[in-house]
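What follows is each chain in one-letter form.
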Amino acid sequence: MYNLRILRQFRYSWFAQTSATGLSNAPPHRLLASQHKRRPQLGAAPSEQLDQLKTDYFERNGELSNEDWQRVRHTLTDTYKYINGHNVDAVILGMCNTGEQLPVAKSYLRYLQTQGLEPNAATLGRLLRVYNAAYHIRALSDEEQSEIVHICDMLQGTHEILDASSCEHLIHGLVATNHHWKRAVRFLEMMKVTTAPSISAYSALASKAFKSDQPELAWRLLEEMLETRKLPKCEVYLAHLDSSARDVKTFGSQVERLLLFLERHDIQLSDKVAQQLVALAQRLPNQLQVTSTHLEHMGKCAACQQHLQHVAISDAQFAELRGSFLDKVLIRKDVFQKSTPEEVARFKQFVEQTAPYDCVIDGLNVAYSTGTKKPPQQLAKLLATVVRYFRERRKRVLVLGRQHMRSWSKPAMQYIQSNASVFLTNNLSHDDPFLLYATLRSGQETDFFSRDLMRSHAFLLGTELKSTFRRWQQEHQYSLVTQTQTGQIIVKEPIRYLLSAHKVNNVWHIPCTETYTPNPTDRFEVPEKWLCLHIY
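Residues numbered from 1 in each chain as written. Predicted model: local features only at pLDDT ≥ 70, side-chain atom pairs only at ≥ 80, totals over all residues. Heavy atoms only, no water.

Chemist: Explanation requested: the overall build of the chain in the structure shown.
Modeler: Looking only at helices and strands, the chain features 23 helices and 13 strands. Residue burial in the chain is summarised as follows: out of 536 residues, 50% are buried. Put simply, 71% of the contacts in the chain that link residues at least 6 apart link residues at least 24 apart. Only carbon and sulfur atoms are counted for the fraction: they give 48% of the accessible area of the chain, which is about 25,800 Å². (Helix = DSSP H or I, 4+ residues; strand = E, 2+ residues; numbered from the N terminus. Buried < 20%, exposed > 50% of the residue type's maximum accessible area, 1.4 Å probe, protein only. Contact = heavy atoms within 4.5 Å. Areas by Shrake-Rupley, 256 points an atom, 1.4 Å probe, with all protein chains shown as cover.)

Chemist: Explain helix α6 (residues 102-114) to me, please; I cannot follow it from the model alone.
Modeler: For an α-helix the count is 3.6 residues per turn, leaving residues at separations of three or four pointing the same way. Spanning 13 residues, α6 covers 19 Å between terminal C-alpha atoms, matching the ideal 18 Å at 1.5 Å per step. Counting buried residues along α6, ten of its 13 residues qualify, which places the element largely inside the surrounding structure. One or two residues past the end of α6 sits Gly 116, with phi positive at roughly 70°. (Expected span 1.5 Å × (residues − 1).)

Chemist: Please clarify how helix α11 (residues 199-211) should be interpreted in this entry.
Modeler: Counted at 1.5 Å a residue, the expected span for α11 with its 13 residues is 18 Å, and the 18 Å between its end C-alpha atoms agrees. Within α11, twelve of the 13 residues are buried, leaving the element largely enclosed by the surrounding structure. In the core, the buried residues of α11 are packed alongside α7 (121-135), α9 (164-174), α10 (183-191), α12 (215-227) and α13 (234-244).

Chemist: Any chance you could explain the sheet that holds strand β9 (residues 477-483) here in plain terms?
Modeler: For sheets, the rule is that strands pair by backbone hydrogen bonds, running either parallel or antiparallel. Here we have six strands laid out as an open sheet, ordered β7-β6-β5-β8-β9-β10, and mixed in their pairing. For this open sheet the edge positions go to β7 (421-425) and β10 (489-492), each flanked by a neighbour on one side alone. When strand polarity is set aside, the average angle formed by the axes of neighbouring strands in this sheet is 25°. Pairing of strand β6 (residues 397-402) with β7 involves five bridges; the strand directions are parallel. Opposite Leu 398, over in β7, you have Ser 421 as the bridge partner. (Pairing = 2+ DSSP bridges. Axes fitted to C-alpha atoms, helices over the stretch in contact; angles between N-to-C directions.)

Chemist: Hey, could you run me through the packing of aromatic side chains in this one?
Modeler: The description of an aromatic ring pair uses the distance of the two centres, along with the angle that the planes make with each other. A complete count under the given rule lists 14 aromatic pairs for this structure. Ring geometry for Phe 58 versus Trp 69: centroids 5.8 Å apart, planes at 70°, classification edge-to-face. Of the two residues, Phe 58 sits in the loop between α3 (47-57) and α4 (66-79) while Trp 69 sits in helix α4, which places them eleven residues apart along the sequence. Here Phe 58 falls in the buried class, since its relative accessible area comes to 1%. One aromatic cluster in this structure is built from Phe 347, Phe 350, Phe 423, Phe 434 and Tyr 437. One Lys or Arg, Arg 388, reaches over the ring of Tyr 415 and ends 4.6 Å from the middle of that ring. (Phe/Tyr/Trp six-rings, centres within 6.5 Å; stacked < 30°, edge-to-face > 60°. Lys NZ or Arg CZ within 6 Å of the ring centre and 35° of its normal.)

Chemist: Sorry, what's going on with the side chain of Glu 343 here?
Modeler: By the element assignment, Glu 343 lies in helix α17 (residues 341-354). At 4.1 Å, Arg 346 is the nearest oppositely charged side chain to Glu 343, a buried residue that forms no salt bridge. Polar side-chain contacts of Glu 343 include one of 2.6 Å to the backbone nitrogen of Asn 426. (Lys, Arg positive; Asp, Glu negative; His and termini not counted. Salt bridge = Lys/Arg side-chain N within 4 Å of Asp/Glu carboxyl O. Polar contact = N/O pair within 3.5 Å; in protein donor to acceptor, adjacent residues only side chain to side chain.)

Chemist: What is the right way to look at the pairing of β6 in this model?
Modeler: The two faces of the sheet receive side chains in turn, since in a regular strand these alternate between them. Along β6, six of the six residues are buried, which leaves the element largely enclosed by surrounding structure. Burial of the side chains of β6 extends over both faces: Val 397, Val 399 and Gly 401 are buried on one face and Leu 398, Leu 400 and Arg 402 on the other. Relative to β6, strand β5 (residues 359-362) runs parallel, the two sharing four bridges. Directly across from Ile 361, in β6, lies its bridge partner Val 399. Once the chain exits β6 it traverses helix α20 (residues 410-419) before rejoining the sheet at β7, and the crossover so formed is right-handed. (Right-handed = clockwise from strand over helix to strand, strands pointing away.)

Chemist: Sorry, what's going on with unusual backbone geometry here?
Modeler: Leave glycine aside and you will find that most residues have negative phi; peptide bonds, for their part, are mostly trans. Residue Ala 355 is joined to Pro 356 through a cis peptide bond whose omega torsion reads 5°. Take Pro 356: it is sitting in the loop between α17 and β5. At Met 298, a position not held by glycine, the phi torsion is positive, near 60°. Of note, Met 298 is situated in the loop between β3 (295-296) and β4 (300-301). Non-glycine residue Gln 305 carries a positive phi angle of around 65°. Mapping Gln 305 onto the fold places it in the loop between β4 and α16 (315-330).

Chemist: Please clarify how the packing of α6 against α7 should be interpreted in this entry.
Modeler: Describing two packed helices takes the angle between their axes plus the distance from one axis to the other. Relative orientation of the contacting elements α6 and α7 amounts to 155°, with a least axis distance of 9 Å. If you check the angle between α6 and α7, you find them roughly antiparallel. The hand of the α6/α7 crossing is left-handed. Here Leu 102, Ala 105, Lys 106 and Leu 109 of α6 come into contact with α7, specifically with Leu 127, Val 130, Tyr 131 and Ala 134. Broken down by class, the residue content of the contact of α6 with α7 amounts to seven nonpolar, no polar and one charged. (Parallel < 35°, antiparallel > 145°, perpendicular 65-115°, else oblique. Left-handed = near helix turned anticlockwise from the far one by under 90°. Nonpolar A, V, L, I, M, F, W, Y, C, P; charged D, E, K, R; others polar.)

Chemist: Would you mind showing me how to read the packing of α11 against α13 here?
Modeler: The contact between α11 and α13 brings their axes to 8 Å, and the two run at 5°. Comparing the axis directions of α11 and α13 gives the class roughly parallel. Contacts between α11 and α13 pair Ser 203, Ala 204, Ala 206, Ser 207, Phe 210 and Lys 211 from the former with Glu 235, Val 236, Ala 239, His 240 and Ser 243 from the latter. Looking at the contact of α11 with α13 residue by residue, the classes come out as five nonpolar, four polar and two charged.

Chemist: Whenever I open this one, the pattern of salt bridges confuses me. Can you help?
Modeler: Oppositely charged side chains can pair when the atoms bearing their charge come close. Summed over all chains, the structure comprises 19 salt bridges. When salt bridges that share partners are traced, they join Lys 106, Arg 138, Glu 144 and Glu 147 into one network.

Chemist: Looking at this structure, how should I read the environment of Glu 147?
Modeler: Among the structural elements, Glu 147 can be located in helix α8 (residues 142-158). Counting along the chain gives 16 residues from Glu 147 to Tyr 131, while the straight-line C-alpha distance between them is 9.5 Å.

This is the structure in structure tokens:
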């Protein structure tokens, strides 16, 4: 049986080999860095042969003979251009991608030992991932946990500084242990030296912290994730709910803390987490009531019949948003790469003289919204149609554009200039900051028309103001859906109620999505599924 003795033999022979080859005087982190740089990926090769290899050998979930492993190694190195003697071991362990295949992975390590071959850092890292996969389907034995710790000791002892990939492997290995998982925090910090830790690393450690009754560490990690725009995996919320359910007295307050977190960061729950909340409500009916629901007309909950909260921000929030926008978005260190101080001053003076407006239109964004290769006459006609849409509703309009639009169709441009204020920036300027500034400067009732999601501008405002900006944006942004063959336009109007988790008269409403995605859309779309939740 593969055990600690084999790992120790690997470790001692590794040090002996490095001394004999003259590598012992080299800085240990340089050795690992060179290995990391040379890790090739699978090249383009017959996928059917790889699938057959997995079926014949890796799906047995048991030990393979030395002859089998020899055949697997030769098949990979002979068939795949970028697999060689240096990386074939890591590739093989990478093919053990389920917890049931831990015996297969151990079998390969025993094969290497019999052949006098040393597993490198990448190979041992892949082995830690297999242990982690096994940890997610069953409790690991004390012996298996000791093996994980020994592998981590080997890697940490051999290399003074670990690369981000090795740190992530170590994190996933250590969280599978009962008593050594906190060591993973150090490797998370080590990752930050060269890169931002991954969603997987953060989520694995935060989940373990919740499971181990260390909630403050978990919440700190979650806040760090959101600061770097990384969305926690479902496993984190599931671990939080499981640990919260262990203490009925504090269960309600812990669920409330989770919901406040979702509200603050505008996060939708996956169906998997939503189902867990429903199950907990059935198990603890005196603490929690949860109903799966949907929204009816005007944001009315089909379960409790209450209307969702209006998305509008307060006057104080709007004043803070408007005051911060000029410094944080319009005037930045790099803003004059795409504009000039003179143009910004000219624009501000223009707005002071012509505001307020009912709607500010991004002219180029509108014109190009049905295609960028259309003739200028057609572009100008579409923009004129959008201006007419608002003028027919007695709206005072500002159109922002570029200087080259002066050469567009004269009849259409004359209509625009007669029915709207027009400001044309230099051809290289960015329109969005001007658009948003004019809209905010006009007051809380002013809308804007653009298909742009404004992600970068929201990010520049910082975590607190980003949420305020998103609510303001949702309430005031119009966009063009399409133009029909008859020339009529279909306009998407703003959604006036909150689309994020929030409480209405002591009842929470939480939007849900079918599956977790690390990059959810920033578009304002009404989720089909919601939870109506009451904490007692």
